[in-house]
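Geometric and topological summary
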Amino acid sequence: MTEATEFINNEDTREIIFAANQSTDLPDRVAKLFPTWHLSASKKGITRQFTFSSFTKAFKFMTLVAEQCKVKKHHPSWSNMYNQVTVEWTTHRPEGLSLKDAEMAEFCDLTANEIGLKE
Ligand SMILES: C[C@H](O)[C@H](O)[C@H]1CNC2=NC(N)=NC(=O)C2=N1
């Protein structure tokens, strides 16, 4: 592990409860999502709050993510209030954090950046 990875691989990432049978590089991949994403209270998922400049942008984000959910057959626990979208990724079966959660979190980050977050 590089020093840079070690720096972002903080206390929280070591507490993650991973789903069974995940590839050995998943912890490093998830570490790259921290500290933008946070460990869920259950320790079985990751969460991030996105703030956009308008409800229209927030809803566009949700629409694009929803389309990818259909592709990946993987769905978030999320909520929306005006221009804010709070997203949690976790896997129910097998329970814990999985590759799909990391992929969908990465997709959320890319999509939010394309739409543009609030300055
Ligand atoms: C059959 C179908 O793929 C499964 O029920 C999927 C659907 N979406 C899912 N989404 C999430 N977040 N976790 C799951 O375990 C899950 N399972």
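Scope of this entry: the structure provided in the associated data block. Please read these numbers as outputs of a predicted model, since none were measured by experiment.

Conventions we followed
- Residues numbered from 1 in each chain as written.
- Predicted model: local features only at pLDDT ≥ 70, side-chain atom pairs only at ≥ 80, totals over all residues.
- Heavy atoms only, no water.
- Helix = DSSP H or I, 4+ residues; strand = E, 2+ residues; numbered from the N terminus.
- Rg over C-alpha atoms; globule rule 2.2 N^0.38 Å.
- Buried < 20%, exposed > 50% of the residue type's maximum accessible area, 1.4 Å probe, protein only.
- Contact = heavy atoms within 4.5 Å.
- Lys, Arg positive; Asp, Glu negative; His and termini not counted.
- Charge placed at Lys NZ, Arg CZ, Asp CG, Glu CD.
- Axes fitted to C-alpha atoms, helices over the stretch in contact; angles between N-to-C directions.
- Left-handed = near helix turned anticlockwise from the far one by under 90°.
- Nonpolar A, V, L, I, M, F, W, Y, C, P; charged D, E, K, R; others polar.
- Near = heavy atom within 4 Å.
- Polar contact = N/O pair within 3.5 Å; in protein donor to acceptor, adjacent residues only side chain to side chain.
- Salt bridge = Lys/Arg side-chain N within 4 Å of Asp/Glu carboxyl O.
- Core = buried A, V, L, I, M, F, W, Y, C linked by side-chain atoms within 4.5 Å.
- Phe/Tyr/Trp six-rings, centres within 6.5 Å; stacked < 30°, edge-to-face > 60°.

Along its length, the protein chain carries five helices and five strands. Mapped from its N terminus to its C terminus, the protein chain presents α and β elements in the order α-α-α-β-β-α-β-β-β-α. Whereas a compact globule of 119 residues would reach a radius of gyration of roughly 14 Å, the protein chain reaches 14 Å, a difference of no more than 12%. With the principal axes as the frame, the protein chain shows a C-alpha extent of 40 × 30 × 25 Å. Of all 119 residues assigned to the protein chain, the portion counted as buried reaches 38%. Within the protein chain, residue pairs in contact and separated by at least 24 positions form 66% of the contacts whose partners lie at least 6 positions apart. The positive charge centre, built from 14 side chains, and the negative charge centre, built from 16, are 8 Å apart in the protein chain.

What follows deals with the packing of helix H4 (residues 55-72) against helix H5 (residues 99-115). The contact between H4 and H5 brings their axes to 10 Å, and the two run at 145°. Note on packing geometry: the crossing formed by H4 with H5 is right-handed. Along its contact with H4, which presents Lys57, Lys60, Phe61, Leu64, Val65, Gln68, Cys69 and Lys72, the element H5 presents Lys100, Glu103, Met104, Phe107, Cys108, Thr111, Ala112 and Ile115. Its residues assigned to classes, the contact of H4 with H5 shows nine nonpolar, two polar and five charged.

As a further point, take the site of the ligand. Every residue lining the ligand is accounted for by Lys73, His74, His75, Thr90, Thr91, His92 and Arg93. A distance of 2.8 Å is found between a nitrogen atom of the ligand and a backbone nitrogen or oxygen belonging to Thr90. Backbone polar atom of His92 to an oxygen atom of the ligand: 3.0 Å apart, as the coordinates give it. For the shell around the ligand, the per-class residue count stands at no nonpolar, five polar and two charged.

Time to look at the pattern of salt bridges. Side chains that carry opposite charge are capable of pairing whenever their charged atoms lie near each other. Here the structure, examined in full by the defined rule, presents five salt bridges. Where Glu106 meets Arg29, a salt bridge forms, and the shortest distance between an N and an O atom there is 2.8 Å. With Glu106 in helix H5 and Arg29 in helix H3 (residues 26-31), this residue pair connects regions lying 77 residues apart in the sequence. Notably, a salt bridge pairs Lys72 with Glu103, separated by 3.1 Å at the nearest N-O pair.

Taken as a class, soluble globular proteins show a tendency for nonpolar side chains to be buried jointly. The biggest cluster of nonpolar side chains holds 25 residues, and the ones touching the most others in it are Trp37, Phe61 and Trp89. Elements supplying a minimum of two residues to this core: H3, strand E2 (45-51), H4, strand E4 (84-92) and H5. If one sorts the elements of this core by residue count, H5 sits on top with six residues. Residues within four places of Trp37 in sequence aside, it is in contact with Ile46, Thr47, Arg48, Phe50, Val87, Trp89, Ala105, Cys108 and Asp109.

With that settled, the discussion passes to the packing of aromatic side chains. Considering all chains together, one arrives at five aromatic pairs under this definition. With 5.8 Å between their ring centres and 75° between their planes, Trp37 and Phe50 make a pair best called edge-to-face. Taken together, the residues span a long stretch of sequence, with Trp37 in the loop between H3 and strand E1 (38-39) and Phe50 in strand E2 at a distance of 13 residues. With respect to burial, Trp37 and Phe50 carry one shared label: buried.

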